[in-house]
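Listed below are the residues making up each chain.
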Amino acid sequence: MKITINGITCETAAGQTVLQAARANGIYIPSLCYHDKTGVAGKCRVCVADVEEMRGLQATCNLPVKEGMKVNTRSEKALEAQRLVVDLLLSTGSHDCIACEKNGNCELQDAAYYLGIEHPGIQYADVKTGLDESSAFIRVDRGKCISCGRCVAGCNNVVVNEVLDLGWRGHETSIVFDTDSLMGESSCVQCGECVQLCPVGALIEKKAIGQGRSWELEKIRTTCPYCGVGCQLYLHMKGEQIVRVTGVEDGAPNKGRLCVKGRFGYDFIYSTDRLTSPLIKENGAFREATWDEALNLVAKKFKKIIAESGPDAIAGVSCARSINEDSYQMQKLFRAVIGTNNVDHCART
Ligand code: SF4
Ligand code: SF4
Ligand code: SF4
């Protein structure tokens, strides 16, 4: 079907909302609480528009498209309402964009820019504050939280860890972990889904703080090296340095989700303790060896064990970080060449 948004004819599909139709047609409507993965929340009221033959302003995130619908997101009334909400959010929180890690990649900042808001316009005495640095990998800054609920929906419905909620009331409304614990003392598993969904700088990867602005970073898509699930992720690189890791939202199998290892466990690649050659233990101490020397030693010892005790005296444990094809070859080697079914995989740890 066809609808008109701001005078532009848009092709839409039944079941879409006006906001989804606008995005699919490259039309920006400021919106803070909707995310494809967490769905319609109808909370922030920033995405309002005038719609012909409908009374009052409509939230486009939960308005289904109808053939011939005429939507105006830039009428005087719609813009005034959008500006008021964004201004209130800016005025009641601690939004110091220059110092904020989210600068350049913040949906509230984008909305303010689009609406021409240069400074918070309302003098508000009791601005929100509240840092929680208690967890290993995530900094919580409640002063920047706009109570959009995306992290709550993500934690409960997407990764189903059921840690987060919105607690308290009115201006006191805040995200809470479990029964209002510090994040580091809660049942949070530090998967970081909430960080990925947060539209502002309220949830930030600690390791990324001060490491680089969003416009300085190059995004490189790759596969998580930790396990056979093969989650798709982006390395956000500043030169040779990883600043942060995010999941690829439109990529199977993880659709943006990552576990704590994939999202935060990347430092090991810079460790000087990494082994760069095989080691052989002689007289109680390791010495470096060539691959040929190490493999010949292993083959010699396997043959000796098989000759003395039979093939079932040996077991093969494949590495969880190896690719599926390598694990397949490992079990083939043990079953067909060595002659044992003792094969396993260390991912069960
Ligand atoms: S969260 Fe966004 S609007 Fe708030 S300070 Fe950070 S960049 Fe600015
Ligand atoms: S890190 Fe994961 S488990 Fe912890 S609050 Fe965020 S989404 Fe929930
Ligand atoms: S922490 Fe972020 S995602 Fe969660 S409610 Fe606040 S602004 Fe929204």
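Residues numbered from 1 in each chain as written. Chains lettered and ligands numbered in written order. Predicted model: local features only at pLDDT ≥ 70, side-chain atom pairs only at ≥ 80, totals over all residues. Heavy atoms only, no water.

> Now, about the overall build of the protein: what can you tell me, with residues and values included?
If you tally the helices and strands in the protein, you get eight helices and 17 strands. Rg of the C-alpha trace for the protein: 27 Å, well past the compact-globule value of 20 Å for 349 residues, more than 25% over. Along the first, second and third principal axes, the C-alpha atoms of the protein reach 90 × 50 × 40 Å. Counting all 349 residues of the protein, 43% fall into the buried class. In the protein, once contacts between residues fewer than 6 apart in sequence are set aside, the share between residues at least 24 apart is 56%. Averaging the locations of the 40 positively and 42 negatively charged side chains of the protein gives two centres separated by 4 Å. (Helix = DSSP H or I, 4+ residues; strand = E, 2+ residues; numbered from the N terminus. Rg over C-alpha atoms; globule rule 2.2 N^0.38 Å. Buried < 20%, exposed > 50% of the residue type's maximum accessible area, 1.4 Å probe, protein only. Contact = heavy atoms within 4.5 Å. Lys, Arg positive; Asp, Glu negative; His and termini not counted. Charge placed at Lys NZ, Arg CZ, Asp CG, Glu CD.)

> If you had to explain the pairing of strand E15 (residues 285-288) to someone new, which residues and values would you point to?
Relative to E15, strand E14 (residues 279-282) runs antiparallel, the two sharing four bridges. In the strand pairing of E15, Leu279 is matched with Glu288. Connecting E14 to the antiparallel partner E15 that follows it, the hairpin turn spans two residues, and Asn283 within it adopts a positive phi of roughly 55°. (Pairing = 2+ DSSP bridges.)

> Hey, could you go over the packing of aromatic side chains for me, with residue numbers and the actual values?
The full count for this structure, using the stated rule, is four aromatic pairs. On the numbers, 5.6 Å between centres and 65° between planes, the contact of Tyr226 with Phe268 is edge-to-face. With Tyr226 in the loop between strand E11 (218-223) and strand E12 (232-238) and Phe268 in the loop between helix H6 (260-264) and E14, this pair connects stretches of sequence that are 42 residues apart. By relative accessible area, which is 15% here, Tyr226 ends up buried. Ring plane angle 75° and centroid distance 6.1 Å describe the contact between Phe302 and Phe334, whose orientation is recorded as edge-to-face. One end of the pair, Phe302, is in helix H7 (residues 291-309); the other, Phe334, is in helix H8 (residues 324-338), with 32 residues separating them in the sequence. Between Lys219 and the ring centre of Tyr234, over which it is positioned, the NZ or CZ distance is 4.3 Å. (Phe/Tyr/Trp six-rings, centres within 6.5 Å; stacked < 30°, edge-to-face > 60°. Lys NZ or Arg CZ within 6 Å of the ring centre and 35° of its normal.)

> I'd love a proper account of the side chain of Gln232, names of residues and values included.
Tracing the chain through its elements places Gln232 in strand E12. Given the relative accessible area of 14%, Gln232 is considered buried. A polar atom in the side chain of Gln232 sits 3.3 Å from the backbone oxygen of Gly230. Residues within four places of Gln232 in sequence aside, it is in contact with Arg221, Thr222, Thr223, Gly247, Val248, Ala252, Asn254 and Leu258. (Polar contact = N/O pair within 3.5 Å; in protein donor to acceptor, adjacent residues only side chain to side chain.)

> So what about the layout of surface pockets? Which residues, and what values?
Taken as a whole, the largest pocket holds about 810 Å³ of empty space. In this structure, the largest pocket is lined by 28 residues; those nearest its centre are Lys102, Asn105, Glu107, Gln196 and Glu249. Elements that contribute at least two residues to the lining of the largest pocket include exactly helix H3 (107-114), helix H5 (193-197), strand E10 (203-205), E12 and strand E13 (241-247). Per-class residue counts for the lining of the largest pocket are 10 nonpolar, seven polar and 11 charged. (1 Å grid on protein atoms, 1.4 Å probe; cavity = no way out; pocket = protein on both sides within 12 Å on 5 of 7 lines; lining within 4 Å. Points joined across faces, edges and corners; volume = space filled by probe spheres on them. Nonpolar A, V, L, I, M, F, W, Y, C, P; charged D, E, K, R; others polar.)

> Residues and numbers for the domain arrangement of the protein, please.
Domain boundaries assigned for the protein yield domain 1 (2-90), domain 2 (128-210), domain 3 (211-274) and domain 4 (279-348). Here the C-alpha centroids of domain 1 and domain 3 sit 33 Å apart. (Domains from an automatic or database assignment.)

> Give a description of the environment of Leu88 that names residues and reports values.
Structurally, the position occupied by Leu88 is in helix H2 (residues 76-92). Leu88 sits 58 residues away from Ile146 along the chain, and the two C-alpha atoms are 9.9 Å apart.

> Before we move on, could you go through the pairing of strand E7 (residues 138-141) and cite the residues and values that matter?
Relative to E7, strand E6 (residues 131-132) is paired through two bridges, and the arrangement is antiparallel. Note that in E7 the partner of Asp132 across the bridge is Val140. Counting the residues between successive antiparallel strands, the hairpin from E6 to E7 contains five residues. Strand direction decides the pairing type here: E7 and E10, joined by three bridges, are antiparallel. Bridge pairing in E10 places Ile138 opposite Glu205.

> Report on the sheet that holds E12, specifying residues and quantitative values.
Sheets are built from strands paired through backbone hydrogen bonds, the pairs being either parallel or antiparallel. Judged by pairing direction, the sheet is antiparallel, and its three strands sit side by side in the order E11-E12-E13 without closing on themselves. For this open sheet the edge positions go to E11 and E13, each flanked by a neighbour on one side alone. Averaged over all pairs of adjacent strands, the angle between their axes in this sheet comes to 30°, without regard to strand direction. (Axes fitted to C-alpha atoms, helices over the stretch in contact; angles between N-to-C directions.)

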